[in-house]
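# Per-entry structural report
Residue-level listing of the chains:
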Amino acid sequence: MVYKVEGLCFSYGKKKILEDLSFEIKKGKVTTIIGPNGSGKTTLLRTMTGQVDQYSGGIHFEKKALKEYSVKELSQKIAVVSQNVDIKFPFSCMEVVSMGRTPFRNRMKNLTKEDLDIVYKCMEITETLKFANTLITDVSGGERQRIMIAKALAQTPEVLILDESFSNIDIRYTIKILNLLRSMTKESNLTVISIMHDLNLTDLYSDDVLALQDGKLVQFGDASKVMKPNVIKSLFGINTKKFSEKGLVVLPTM
Amino acid sequence: MSIIHSFGGKARNILHRKDNIIDHCLGNCVYNPRAFKGSFFHLLEELLIYLNGEIMREHFTKELNKKYNMAKMVGIMLGVILIILLFVSTNLGRADISIMDTIRVIFGKIIHNPDYYMGMKKAYVNIIWEIRLPRILIAIIVGSGLAVSGAVFQSLLMNPLADSYTMGVSSGAAFGATLAIYINLFAENFYAPITLFAFIGAFVTLLLVIYIAKVNGYLSSSNLIIAGIIVSSILSAAIKLLKNFAGENVSAIVNWLMGSLASRSWSHVYVSFPIIIVCVLVCWYYSQDLNLLCLGENEARALGVDTQKIRRIFLICGSLITAVCVAVSGVIGFIGLIVPHILRFSIGSDNRSLVPLSGILGALLLLLADTGARSLMNVEIPVGVLTTLLGGPFFIYIFVKKNKTL
């Protein structure tokens, strides 16, 4: 068990964003958060990464409360790929990925051979090596997201948090990266927590699914239990069809 | 990567296969169900792939180091040019003093041994040591200060157009100085020190801007820019009001606002050097965190940067530098904007190189501009006017050449 969340509430001004959420996230599993726009998915992730700390209720990460960790300690365990990263300055993609090594480095020190090997490996497995010397300001949105995923992997995290990180990536690379992450959960016990809008992929690649609506937990549990046509209908008001045990198909009717 | 292409079609084929093998190794059967057969040819292929991977890895490592080494080289080169220019510009001027005499005076003064410049005219010694050298040193320190604070503010506010003006700090200093000049014009038995007033003006403005921009204890970069621009406009109007009140004595204020390094003394050097050098070193020390801040607040936090603390450190250092610069030299435009951009185009955006190199290049450019300003024409041109007159069109040139992207 990596996360234990108990009675989590968060409000922005008077508006309640998250209401009384309680759940546990298991180690080495892929947990996906689904829900309509504005249901509090991103806010939930931000409380879990320690970016928002004015919440009530408890979030336990590994052995102690999340708030007891320093920013540095968290960065050595949790990697985050944010929703929209807009970089205005011409860093090369290689430099961006190598920034993922900063939690483990001293200031002013150059990258060690080991750091470089990790950076190289992460760019290799995300197939971004060909952009190594391209400027991050010159690559497309999807390519930039892949670079950001490579950067997060270079952090060698125990927990990888993805906030709609596939929104601009084409289906081929989305599947490749999802396969990669799946294998990493098996081999190195990586925990993946992600927000996804593609319900088919959510069904195919998640162990657990957490459904949010208006800041409340609607359903949480094994993907096969949550990803059912009736749950999806109540969440999004759309029709879906289950083909086999794994595999959900969305029908474009309201 | 060029290496792949140099291998020709066959290697590309292998590399293509490599994807499949990786897929397979990762248990990727959904996407590519093709099975991997352990024949001899496959083993050979794997060996080739391994060797090819090693070459690429080597190339990759070199590429990352190359940038860093290039930055070092550029830094050393610019440093040497700066030192040469220092002596050359000390030698330039109305009074005709030979370069050897100049060097003798400087060394003699530094090691407190008057023997070096015994035979020279006292006036010449004074021209070099009391008039030219302080002015040159001020040009160097102000140039580097403006450039470093520009680089810092741009990365900090994630805005390529930001500099100390965007934050309103320059306007604050200008207002403080204007107020001091105004008081000195009309108060009978009170002297308001311009440098101190400029400094207080800059600092109060900074605090005000931070106070306005703060939401729930957090500082966002767009809020800082908005607050900076608003406060800056108000202060500009206030300066105009003071100019208006000054009546026929307005020229004292106007001259100061144009930005000039004329008649700066050693006392200015003693005030500005320690503060600016310390602040620049602090900025350099934290420059890795500045890189991460370029990715945005959330990314930086996720990479272990205490963003609120780091942002505050940079804001204070950047503003302190600006305050001192404006206080000793008036408003000198464009150095803070143009220097970091020239460097980003040529050596990249890594702030670990960008911050120190901005310092050197800024010093070099302002010294060059000031030397030009005092020796090109019979009448001295205010250096602030010259930097903007030359820097502006140059900036437009790069901007257009870079297809209008910064």
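Just above sits the structure.
Model, not experiment: these values are computed from the prediction.

## A few points about the overall build of chain A
Counting its regular elements, chain A contains nine helices and twelve strands. Principal-axis analysis of the C-alpha atoms gives chain A an extent of 55 × 40 × 35 Å. Within the span of chain A, comprising 254 residues, buried residues form 55% of the whole. Considering only contacts within chain A whose residues lie at least 6 apart along the sequence, 63% involve residues at least 24 apart. Roughly 10,700 Å² of accessible area belongs to chain A as shown, and the carbon and sulfur atoms make up 51% of that amount. A distance of 1 Å separates the average location of the 36 positive side-chain charges in chain A from that of its 29 negative side-chain charges.

## Observations regarding the interface of chain B and chain A
One frequently used descriptor of interface size is the decrease in accessible area upon assembly of the parts. Contacts between the two partners involve 48 residues from chain B and, on the opposite side, 52 residues from chain A. In total, chain B and chain A occlude about 4,600 Å² of area from one another, counting both sides; carbon and sulfur atoms represent 59% of this. Where chain B touches chain A, the interface holds one salt bridge. Salt-bridge contacts for E299(B) lead to K151(A); the nearest nitrogen and oxygen are separated by 2.2 Å. Counting residues per element, the side of chain B that touches chain A draws most heavily on helix α3 (residues 40-91) of chain B, which supplies nine residues. When its residues are assigned to classes, the side of chain B that touches chain A shows 22 nonpolar, 13 polar and 13 charged.

## Quick look at helix α8 (residues 221-246) of chain B
Residues and elements named next belong to chain B. Taking 1.5 Å per residue as the helical rise, α8 with its 26 residues ought to reach 38 Å, and the 37 Å between its terminal C-alpha atoms agrees with that figure. Residues S221, L224, I225, A227, G228, V231, S232, L235, I239, L242 and A246 constitute the buried set of α8. G247, located one to two residues past α8, shows a positive phi value of around 60°.

## What about the nonpolar core?
In terms of nonpolar packing, the biggest core is built from 155 residues, with M123(A), F166(A), L181(A), F60(B), V142(B) and M167(B) touching the most fellow members. If near-sequence neighbours (up to four positions away) are discounted, V142(B) is found in contact with C325(B), V328(B), S329(B), I332(B) and L366(B). L8(A), I33(A), L66(A) and V80(A) belong to the second-largest nonpolar core, a separate cluster that totals 30 residues.

## Considering the layout of surface pockets
Taken as a whole, the largest pocket spans an internal volume of roughly 1,100 Å³. R46(A), Q51(A), V52(A), E297(B) and N298(B) are, among the 38 residues lining the largest pocket, the residues nearest its centre. Taken together, the elements giving at least two residues each to the lining of the largest pocket come down to β1 (3-12), α1 (41-48) and β7 (159-163) of chain A together with β2 (218-219), α8 and α12 (297-302) of chain B. Within the lining of the largest pocket, the residues separate by chemical class into 13 nonpolar, 16 polar and nine charged.

## Observations regarding the pairing of strand β10 (residues 216-222) of chain A
Residue and element names in this part refer to chain A. In terms of strand pairing, strand β9 (residues 208-213) meets β10 through six bridges, oriented antiparallel. The partner of L210 across the bridge, within β10, is F220. Taken together, β9 and the strand that follows it, β10, pair antiparallel across an intervening segment of two residues, in which D214 is found at a positive phi of about 50°.

## Quick look at α1(A)
For α1(A), a buried count of six out of eight residues is recorded, marking the element as mostly surrounded by other parts of the structure. Along α1(A), the residues classified as buried are K41(A), T43(A), L44(A), L45(A), T47(A) and M48(A).

## Focus: the sheet that holds strand β2 (residues 15-25) of chain A
All names here are of chain A. The four strands are arranged β2-β1-β4-β5 in an open sheet whose pairing can be described as antiparallel. Across the chains shown, the open sheet's two edge strands, defined by having one partner strand only, are β2 and β5 (64-65). When strand β4 (residues 56-61) meets β5, the two strands line up antiparallel, connected through two bridges. Its bridge partner being in β5, H60 is matched across the sheet by A65. Sheet strands touched by α1: β1, β2 and β4. Its angle to β2, the strand with the most contacts, is close to 60°.

## Description of the packing of helix α10 (residues 266-285) of chain B against helix α13 (residues 307-329) of chain B
All names here are of chain B. Relative to each other, α10 and α13 sit at 155°, their axes nearing to 9 Å. Judged on the interaxial angle alone, α13 and α10 are roughly antiparallel. Pair α10 / α13 crosses with left-handed handedness. For the pair formed by α10 and α13, the contact residues are H268, S272, I275, I276, C279, V280, V282 and C283 on the first element and I313, F314, C317, L320, I321, V324, C325 and V328 on the second.

## Some remarks on the pairing of β1(A)
Residue and element names in this part refer to chain A. Judged from the seven bridges that link them, β1 and β2 form a sheet pairing that is antiparallel. Paired with V5 across the two strands is F23, which belongs to β2. As judged from the five bridges shared by β1 and β4, these two strands associate in the antiparallel manner. If you follow K4 over to β4, its bridge partner there is H60.

## Remarks on the packing of aromatic side chains
Residue and element names in this part refer to chain A. The full count for this structure, using the stated rule, is ten aromatic pairs over all chains. On the numbers, 5.5 Å between centres and 65° between planes, the contact of F61 with Y69 is edge-to-face. Assigned by exposure class, F61 and Y69 land together as buried. Site record: aromatic cluster; members linked through ring pairs are Y3, F61 and Y69. Sitting above the plane of the Y55 ring, K67 keeps its charged end 4.4 Å from the centroid. The residue whose ring lies beneath R172 is Y173, and the NZ or CZ to ring-centre distance is 5.0 Å.

## A look at a nonpolar patch on the surface
Residue and element names in this part refer to chain B. A cluster of nonpolar residues, I76, V80, I84, V88, L92, I99 and M100, forms a patch on the protein surface that exposes about 610 Å² of accessible area. Of all the secondary structure elements, the ones that give two or more residues to the nonpolar patch are α3 and α4 (99-110). The element that contributes the greatest number of residues to the nonpolar patch is α3, accounting for four residues. On the secondary structure map, M100 appears in helix α4.

Cut-offs and rules
Residues numbered from 1 in each chain as written. Chains lettered and ligands numbered in written order. Predicted model: local features only at pLDDT ≥ 70, side-chain atom pairs only at ≥ 80, totals over all residues. Heavy atoms only, no water. Helix = DSSP H or I, 4+ residues; strand = E, 2+ residues; numbered from the N terminus. Buried < 20%, exposed > 50% of the residue type's maximum accessible area, 1.4 Å probe, protein only. Contact = heavy atoms within 4.5 Å. Areas by Shrake-Rupley, 256 points an atom, 1.4 Å probe, with all protein chains shown as cover. Lys, Arg positive; Asp, Glu negative; His and termini not counted. Charge placed at Lys NZ, Arg CZ, Asp CG, Glu CD. Buried area = accessible area lost by both parts, 1.4 Å probe. Salt bridge = Lys/Arg side-chain N within 4 Å of Asp/Glu carboxyl O. Nonpolar A, V, L, I, M, F, W, Y, C, P; charged D, E, K, R; others polar. Expected span 1.5 Å × (residues − 1). Core = buried A, V, L, I, M, F, W, Y, C linked by side-chain atoms within 4.5 Å. 1 Å grid on protein atoms, 1.4 Å probe; cavity = no way out; pocket = protein on both sides within 12 Å on 5 of 7 lines; lining within 4 Å. Points joined across faces, edges and corners; volume = space filled by probe spheres on them. Pairing = 2+ DSSP bridges. Axes fitted to C-alpha atoms, helices over the stretch in contact; angles between N-to-C directions. Parallel < 35°, antiparallel > 145°, perpendicular 65-115°, else oblique. Left-handed = near helix turned anticlockwise from the far one by under 90°. Phe/Tyr/Trp six-rings, centres within 6.5 Å; stacked < 30°, edge-to-face > 60°. Lys NZ or Arg CZ within 6 Å of the ring centre and 35° of its normal. Patch = residues over 30% accessible without salt bridge, like charges linked within 9 Å, V, L, I, M, F, W, Y side chains within 5 Å.

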